[in-house]
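Remarks on the overall topology
For reference, the chains in residue letters:
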Amino acid sequence: MSSPSSAMAVPVLLPRHVAVLLLAGVATLFAGNHVAARLAFDEGTGLLLAVLVRSAVALAVLIVLFLAQGKRLVLPAGARRWQLLAGLMVAVQSLCLYSAVARIPVVVALLLMNTFPIQLALLTWALGGPRPTLRAALIMAVILAGLVVVLDVPTLVASPQALGEEWLTGVAFGLGAATAFSFALWITEHRLAEVGSTLRSLLTMLTVLVAMLLAGAMSLVPGGMALPASATGWAGLVSLAVLYSVAFSVLFISVPRLEMARNAPVMNVEPVASLALGYLVLGQMLSGIQLIGGGIVLGGIVLLSLSRRP
C-alpha cells in the first residue's frame, strides 16, 4: 500500500471543462502579449528592450518558483552546452517572432509560428527519428496550402510590390521563429530530458535575458533598446511583460493537473484570440479568403497535434 506522501505526490487532474477553459484563457493571454507587443513597437519601443523586459519578469517568477520548490541548481553531466544552445534558440525565436509581429498582422505571425510541429517532425526525421506517417504528411500539405492562402501568395507572385518589403521580411521572421523553436524543442526532448522542468525553464529564460543584454550592449539591432515614445508605448511594454508572465506562470504551475497529452490542442486557440484582439486593439483584419486559409491552417495544426506519432 502506498504511503500518504507518495499519494500526495500524484497531482489531482482538473475536470476536463476546467482544464480546457484554463488553457483557452492562457492562450488568450499569450495572444494579448503579442498584440501588446505590436502596440509597443508602433510607438517606437525597441525589439531587444521588449524581449528583455518580458524575460526579466518571467525570470523573476521562475526564481520564486524554483526557491519555493527547494530545487538544486545542478545540471547532469554533458547537459550544459545543450542547455545553453536551447536557451539561445529560444532567444532567436523570441526575436524573430516579435520582429514578425512588428511587420505583419499578429494573427499571420502566429500562424507562421505555429508551423513548428511540421518543422519539428521533419527535423526529427532528418536527425534519425521516425519518418512522418502518410496521414501526417497529408495534414502538413493541407496546412501549407492554407498558408499559401493566408499569405496571399498569388498576389505576391503577380505583383511583389503590392504587399511590400515588410510583408516578405515579416513572413521570413515568422518562419524563422518556428525553425528556432523546433530546434529548441528537439534539444529539450533528446538532450535535456533529465533536467527538471523548473531548472530548465529558469536557465532558458536567464540565457534569453543575458543574450538580449549583450545584443543591446553591442548594438546588434539598431534601435533595439529604444524606449517607448508615448504613454501608449509604455502601456504596451508593461502589458506584454505582465500578460506573458501571468500566462507562463499559470501554465507552468497548472501543467501537472491539465492532462496536456489530451488537452494541449486547446492552446491552438491563440491565433483565433489574436485575430479578435488584433481587430479590437489594432484594427487589423484579414480578408475573407485569408480567414478561410487561416481556418485551414488552424484545423490542420489541431489534427497534427492529435496524431499519436508525427
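Residues numbered from 1 in each chain as written. Predicted model: local features only at pLDDT ≥ 70, side-chain atom pairs only at ≥ 80, totals over all residues. Heavy atoms only, no water.

When pLDDT is averaged along the protein chain, the result is 89; 93% of the residues meet or exceed 70. The least confident element of the protein chain, judged by mean pLDDT, is helix α1 (residues 4-9) at 46; the most confident is helix α4 (residues 80-101) at 96. Within the model, pLDDT remains below 50 along residues 1-8, and this stretch shows zero contacts once partners closer than five positions in the same chain are excluded. (pLDDT = per-residue confidence, 0-100. Helix = DSSP H or I, 4+ residues; strand = E, 2+ residues; numbered from the N terminus. Contact = heavy atoms within 4.5 Å.)

With that settled, consider the packing of helix α5 (residues 106-113) against helix α14 (residues 270-282). Contact geometry of α5 with α14 gives a least axis separation of 8 Å together with a crossing angle of 160°. As summarised for this structure, α5 and α14 are arranged roughly antiparallel, according to the angle between their axes. The way α5 lies across α14 gives a crossing that is right-handed. Of α14, the residues touching α5 (which contributes V106, V107, L110 and L111) are E270, P271, S274, L275 and L282. Residue composition of the contact of α5 with α14, grouped by class: seven nonpolar, one polar and one charged. (Axes fitted to C-alpha atoms, helices over the stretch in contact; angles between N-to-C directions. Parallel < 35°, antiparallel > 145°, perpendicular 65-115°, else oblique. Left-handed = near helix turned anticlockwise from the far one by under 90°. Nonpolar A, V, L, I, M, F, W, Y, C, P; charged D, E, K, R; others polar.)

Once that is clear, we can look at unusual backbone geometry. Phi is positive for S219, close to 55°, though the residue is something other than glycine. Structurally, S219 can be placed in the loop between α11 (197-217) and α12 (231-254). S219 sits in the exposed class, given a relative accessible area of 57%. (Buried < 20%, exposed > 50% of the residue type's maximum accessible area, 1.4 Å probe, protein only.)

With that settled, consider the environment of Q284. Mapped onto the elements of the fold, Q284 is located in the loop between α14 and α15 (288-306). Not counting the four nearest positions on each side in its chain, Q284 is found in contact with R38, I104, P105, V106, G278 and Y279.

What follows covers the packing of aromatic side chains. Here the structure, examined in full by the defined rule, presents five aromatic pairs. Ring centres of F41 and Y98 lie 5.6 Å apart, and the angle between their planes is 70°; on these two criteria the pair is classed as edge-to-face. Remark: Y98 occurs in helix α4 and F41 occurs in helix α2 (residues 16-42); sequence separation between them is 57 residues. Here F41 matches Y98 in class, with each residue buried. On the numbers, 6.1 Å between centres and 15° between planes, the contact of Y244 with F248 is stacked. Residue Y244 and its partner F248 are located together in helix α12, separated by four residues, close to a single helical turn. Taken together through their ring pairs, the aromatic side chains of F30, Y244, F248 and F252 make up a single cluster. R54 extends its terminal NZ or CZ atom over the ring of Y244, reaching a point 4.2 Å from the ring centre. The aromatic ring of W82 is capped on one face by R191, whose charged end is 5.2 Å from the ring centroid. (Phe/Tyr/Trp six-rings, centres within 6.5 Å; stacked < 30°, edge-to-face > 60°. Lys NZ or Arg CZ within 6 Å of the ring centre and 35° of its normal.)

As a further point, take the UniProt feature "domain: EamA" (unreviewed entry) in the protein chain. When the UniProt feature table is mapped onto this chain numbering, "domain: EamA" (unreviewed entry) sits at residues 19-151 and 169-305. Secondary structure across residues 19-151 comprises 78% helix and 0% strand; the distance between its end C-alpha atoms is 33 Å. (UniProt positions renumbered as here; feature names shortened; annotations may be inferred.)

To continue, consider a nonpolar patch on the surface. There is a patch of nonpolar side chains on the surface, built from L206, V210, L214, M218 and L220 and spanning about 480 Å² of accessible area. Relative to the helices and strands, L206 is located in helix α11. Judged by relative accessible area, L206 falls into the partly exposed class, the value being 36%. (Patch = residues over 30% accessible without salt bridge, like charges linked within 9 Å, V, L, I, M, F, W, Y side chains within 5 Å. Areas by Shrake-Rupley, 256 points an atom, 1.4 Å probe, with all protein chains shown as cover. Salt bridge = Lys/Arg side-chain N within 4 Å of Asp/Glu carboxyl O.)

Glancing now at the pattern of salt bridges. In this structure the tally under the stated criterion is two salt bridges. Where D42 meets R38, a salt bridge forms, and the shortest distance between an N and an O atom there is 3.0 Å. Separated by four residues within a single helix, D42 and R38 lie in helix α2, roughly one turn from each other. Given the relative accessible area of 46%, D42 is considered partly exposed. For R38, a relative accessible area of 14% corresponds to the buried category. The salt bridge involving R103 is made with E166; its shortest N-O contact spans 3.8 Å. A residue pair is termed long-range when its members are at least 10 positions apart, and R103 in the loop between α4 and α5 and E166 in helix α10 (residues 165-191) qualify at 63 residues.

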